[in-house]
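Below are the chains, spelled out letter by letter.
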There are 2 protein chains.
Amino acid sequence: MRNLLLTLRYDGTDFHGWQVQPNGDSIQQRLTEAFRSVSGKSENIIGCSRTDAGVHANMFCCNVRTDCNIPAEKIPGALNFYLPNTISVYGCDEVGFDFHARYNAKGKEYVYLIYNGKYRNPFYENKALFYPYKLNAEEMNKDAKDFIGVHDFSAFCSADSDIQDKVREIYDCKVEREGDLIKITVSGNGFLYNMVRIIVGTLISVQSGKIESGTVPEVIESRDRKNAGVTVESCGLYLNKVFY
Amino acid sequence: MRNLLLTLRYDGTDFHGWQVQPNGDSIQQRLTEAFRSVSGKSENIIGCSRTDAGVHANMFCCNVRTDCNIPAEKIPGALNFYLPNTISVYGCDEVGFDFHARYNAKGKEYVYLIYNGKYRNPFYENKALFYPYKLNAEEMNKDAKDFIGVHDFSAFCSADSDIQDKVREIYDCKVEREGDLIKITVSGNGFLYNMVRIIVGTLISVQSGKIESGTVPEVIESRDRKNAGVTVESCGLYLNKVFY
């Protein structure tokens, strides 16, 4: 028996997220089927996190315990042969048998893209939020710094979540502009349901004047979801790195 | 009567090129229909060039002579309302009545993208040529310089073309690498059918050893299509600028 750590990239547009769904296409299901075609074995593939429908990944990690004995370096190409072109495995490493893609993750980094041009850009369709009103990335970056640190992020968690402990540490949160593209990078030890999308929605709400500039610490402190901004679309969100 | 210069961007994946086709969706047809919906008038829209099926544009120019009197600055948004999200008009300027998008073009710039990673990248699917073998961008850039100048480009023209005069001037031709992406930029006063795609195919053939390094001037000189490289896929090609 071996434990394989697989690293992949996917365009989440056509999927109902990572996790196998009773009614809907998922990355986990496609990968499980591809692994069965390659190895002849039905194995449980453990993902580093769930991602929502439409969310993308530049780096998603998962592990699978198997007695398949194909050399690790041949596995990505073999899996990609069976996967749709929207999913690409680019790493396979043998890891200790105890390694668990979710429990061993020390943290993650997400990127959120906003296309901030005046008119839609076809090349960012389903790849970034289209937001045509003026955004000042330098101001947003200043507000973003208020998320850094250990906080109770109850105000930045979907009401659908039943998780009790809502304290998380954000390592960094920054906003950069490259032409018409705004890139928001958030890293931390863990994320609540929809947390990055609500953080981005809040930074936009400060720009549009719905939330007063400089009051992000108060919004956090309130622990009230109603004080934060909207949950922005999933299409702009990318799981970018997983730290082990 | 006014003459309007429209500037647009499109993802060509789902289209049979710019020009109206009897059987197939085209950008010209979609734009003509959108213009009719906005202005109530059926007008002939003149494009700066044809682009092939699957070719994209960051900047495509076309003009339309019309007595529609909607202010120019309102036209892009109005057209985009009727266009699919794969086409986006971002400029509309009133120009002199004699202006003709094709005849007045002094030159064009094309970009060709190659995704040169080991495994497919879902985010470049239909947006770049996937080429997983080693490419040295510095060496390619050196060979690219041999295309600059006034040459008879018969060796770099599809056999399907019946154009007689195959002399064109290439202003610049350069190759750059950004991570796994290779970007080839070619500008010139005019381009023969498939010319950029054959230039790129030739630069790749030099890398793979099928064409000897340093012999691009001889391939040009031969005026024989058989001595140049293959015509690479349309999906990596972008019309990037039109010079007037």
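> So what's going on with the domain arrangement of chain A? Residues and values would help.
All names here are of chain A. Splitting chain A by domain gives domain 1 (2-95) and domain 2 (108-243). Taking only C-alpha atoms, the centre of domain 1 and the centre of domain 2 are 28 Å apart. Taken together, the 14 residues of domain 1 in the interface contact 15 residues of domain 2. Carbon and sulfur atoms supply 52% of the area that domain 1 and domain 2 bury against each other, a total of about 1200 Å² over both sides. Put simply, domain 1 and domain 2 have two salt bridges between them. Summed over the shared surface of domain 1 and domain 2, the result is eleven residue pairs in polar contact (both at pLDDT 80 or more).

> Describe in detail the interface of chain B and chain A, supporting the description with residues and values.
Between chain B and chain A, the contact holds 25 residues from the first and 25 residues from the second. Summing the contributions of chain B and of chain A, the shared interface buries around 1700 Å²; its carbon and sulfur component is 61%. Considering only the side of chain B, the residues that lose the most area to chain A are Asn-85, Tyr-119 and Phe-123 of chain B, jointly responsible for 40% of the buried surface there. Scanning the region where chain B abuts chain A turns up four residue pairs in polar contact (both at pLDDT 80 or more).

> Requested: an account of the relation of the copies chain B and chain A, with residues and values cited.
Mapping chain B onto chain A is achieved by rotating through 180 degrees and translating by 0.0 Å along the same axis, at an RMSD of 0.0 Å. The superposition of one copy onto the other is thereby described by a two-fold rotation axis. Of every C-alpha in chain B, the one belonging to Phe-123 of chain B sits nearest the axis of rotation, 5.0 Å from it.

> Report on the environment of Cys-173 of chain A, specifying residues and quantitative values.
Within the secondary structure layout, Cys-173 of chain A lies in strand β8 (residues 167-178). Sequence separation of Cys-173 of chain A and Ile-75 of chain A is 98 residues, and the distance between their C-alpha atoms is 35 Å.

> Summarise the pairing of strand β3 (residues 56-66) of chain A; cite the residues concerned and give the values.
Residue and element names in this part refer to chain A. Among the eleven residues in β3, eight count as buried, and that is most of the element. With eight bridges connecting them, strand β1 (residues 2-10) and β3 associate as antiparallel partners. Residue pairing in the sheet places Asn-3 in a bridge with Arg-65 of β3. With three bridges connecting them, strand β2 (residues 45-47) and β3 associate as antiparallel partners. By the bridge assignment, Ile-46 is partnered in β3 with Asn-63.

Definitions and cut-offs
- Residues numbered from 1 in each chain as written.
- Chains lettered and ligands numbered in written order.
- Predicted model: local features only at pLDDT ≥ 70, side-chain atom pairs only at ≥ 80, totals over all residues.
- Heavy atoms only, no water.
- Domains from an automatic or database assignment.
- Contact = heavy atoms within 4.5 Å.
- Buried area = accessible area lost by both parts, 1.4 Å probe.
- Salt bridge = Lys/Arg side-chain N within 4 Å of Asp/Glu carboxyl O.
- Polar contact = N/O pair within 3.5 Å; in protein donor to acceptor, adjacent residues only side chain to side chain.
- Least-squares fit on C-alpha atoms with pLDDT ≥ 70 in both.
- Helix = DSSP H or I, 4+ residues; strand = E, 2+ residues; numbered from the N terminus.
- Buried < 20%, exposed > 50% of the residue type's maximum accessible area, 1.4 Å probe, protein only.
- Pairing = 2+ DSSP bridges.

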